[in-house]
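# Per-entry structural report
In case you want the letters, here they are:
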Amino acid sequence: MIGKLTVLVVLASAYFANYRQPYAQGQKPSQAAAKTNSSVDQDIKLLREDIRSRKKQLIAANLKLTPDQATKFWPLYDQYSAELSKIGDQQTALIREYADQWGTMTDEQASRLAKQSLAIDERIAQLRVKYLLIFSQAVPGQVVATFFQLDRRFQGLLDIQLASQIPLVQEQN
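Keep in mind it's a predicted model, so treat the numbers as computed, not measured.

Parameters at a glance
Residues numbered from 1 in each chain as written. Predicted model: local features only at pLDDT ≥ 70, side-chain atom pairs only at ≥ 80, totals over all residues. Heavy atoms only, no water. Helix = DSSP H or I, 4+ residues; strand = E, 2+ residues; numbered from the N terminus. Buried < 20%, exposed > 50% of the residue type's maximum accessible area, 1.4 Å probe, protein only. Contact = heavy atoms within 4.5 Å. Areas by Shrake-Rupley, 256 points an atom, 1.4 Å probe, with all protein chains shown as cover. Axes fitted to C-alpha atoms, helices over the stretch in contact; angles between N-to-C directions. Parallel < 35°, antiparallel > 145°, perpendicular 65-115°, else oblique. Nonpolar A, V, L, I, M, F, W, Y, C, P; charged D, E, K, R; others polar. Phe/Tyr/Trp six-rings, centres within 6.5 Å; stacked < 30°, edge-to-face > 60°. Salt bridge = Lys/Arg side-chain N within 4 Å of Asp/Glu carboxyl O. Core = buried A, V, L, I, M, F, W, Y, C linked by side-chain atoms within 4.5 Å.

### Overview of the overall build of the protein chain
Looking only at helices and strands, one finds 5 helices and 0 strands in the protein chain. Its helices and strands in sequence order give the protein chain the pattern α-α-α-α-α, from N to C terminus. Looking at the protein chain as a whole, 36% of its 173 residues qualify as buried. Sequence-distant contacts in the protein chain: of pairs separated by 6 or more residues, those separated by 24 or more amount to 78%. A total of about 10,400 Å² of accessible surface is found on the protein chain, and carbon and sulfur atoms cover 55% of it.

See the structure below:
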C-alpha cells in the first residue's frame, strides 16, 4: 500500500511545486500566467479525481469486507468521499491564495491563512466523527476502525508530502 501511496503523493506534490509562483514585491501575474493557472486548475481537477479513485482502490484492497458489509459500506464511503472532496476544494483554494500572496504576504494575511487552515483541519475532524457514527451503524467496529486507519494513513502521507512542497511563510522575506 505504501508504494502506491508514494506515487500518488509525488504526483500531488508536483502540482504544488508547479503552482507556486513567487512574484516580486507588488508584481502581478501576467496574462500568460493566468492561462497557465487555468491549465493548472484542470490538472488539479484530474489529479484529485485520480487520487480519489486510487484511494478507493487502496481501501478496497486493504479493507476486509464480506459481500453484505461491502453493500452497506461503499455507498457510505462515496458520501464520505464527496463531503471530504468539498473540504479539499477549500484546501486547494487556500493553497492557491497562499501561492498568490507569496512574496507580498502581510502579517494579517498570514494570520488569516493560518486560521483558515486550522478551520479546514477542524472540518475534516468533524466529518470523521460524523462518519464514525454512520459507518458504525452499517458495519462492525473493527471494519470502521480499520477504514479510518487506512484513511488517516493515506491522508497523512499526502499531507506530509504537500507540506514539504509549500515554503514556510518566513522564507518569503
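### Examining the packing of helix H3 (residues 67–101) against helix H4 (residues 107–138)
Viewed as axis vectors pointing N to C, H3 and H4 meet at an angle of 175°, and their least axial separation amounts to 11 Å. Taken together, the axes of H3 and H4 lie roughly antiparallel to each other. When its residues are assigned to classes, the contact of H3 with H4 shows 16 nonpolar, 7 polar and 7 charged.

### Brief notes about the packing of aromatic side chains
Overall, the coordinates contain 15 aromatic pairs when judged by the stated rule. Residues Tyr80 and Tyr131 carry aromatic rings whose centres are separated by 5.3 Å and whose planes lie at 70° to one another, so their mutual orientation is edge-to-face. Highlighted residues: Tyr80 in helix H3 and Tyr131 in helix H4, separated in sequence by 51 residues. In this structure, Tyr80 and Tyr131 share a single accessibility class: buried. On the numbers, 5.9 Å between centres and 70° between planes, the contact of Phe135 with Phe148 is edge-to-face. Residue Phe135 is located in helix H4, and its partner Phe148 is located in helix H5 (residues 141–165); the two are separated by 13 residues in the primary sequence. This pair shows no difference in class: Phe135 is buried, exactly as Phe148 is.

### Some remarks on the pattern of salt bridges
Summed over the entire model, instances satisfying the criterion amount to 6 salt bridges. When the shortest N-O distance is used, the salt bridge between Lys56 and Asp78 registers 2.8 Å. Of this pair, Lys56 sits in helix H2 (residues 31–62) while Asp78 is found in helix H3, placing the two residues 22 residues apart along the sequence. The class for Asp78 is partly exposed, based on a relative accessible area of 38%.

### What to know about the environment of Glu49
You can see Glu49 is positioned in helix H2. Judged by its relative accessible area of 37%, Glu49 falls in the partly exposed class. Put simply, Glu49 and Ser85 are 36 residues apart on the chain and 9.4 Å apart in space, counted from C-alpha to C-alpha.

### Things to note about the nonpolar core
Counting residues in each nonpolar core, the largest one holds 26 residues, and the members touching the most others are Phe73, Tyr80, Phe135 and Phe147. Among the secondary structure elements, those contributing two or more residues to this core are H3, H4 and H5. Ranked by the residues each element gives to this core, the list is headed by H3, at 9 residues. Setting aside its immediate chain neighbours within four residues, Phe147 contacts Ile59, Leu63, Phe73, Tyr77, Tyr80 and Phe135. Counting 6 residues, the second largest nonpolar core, distinct from the first, contains Leu47, Phe154, Leu158 and Leu162.

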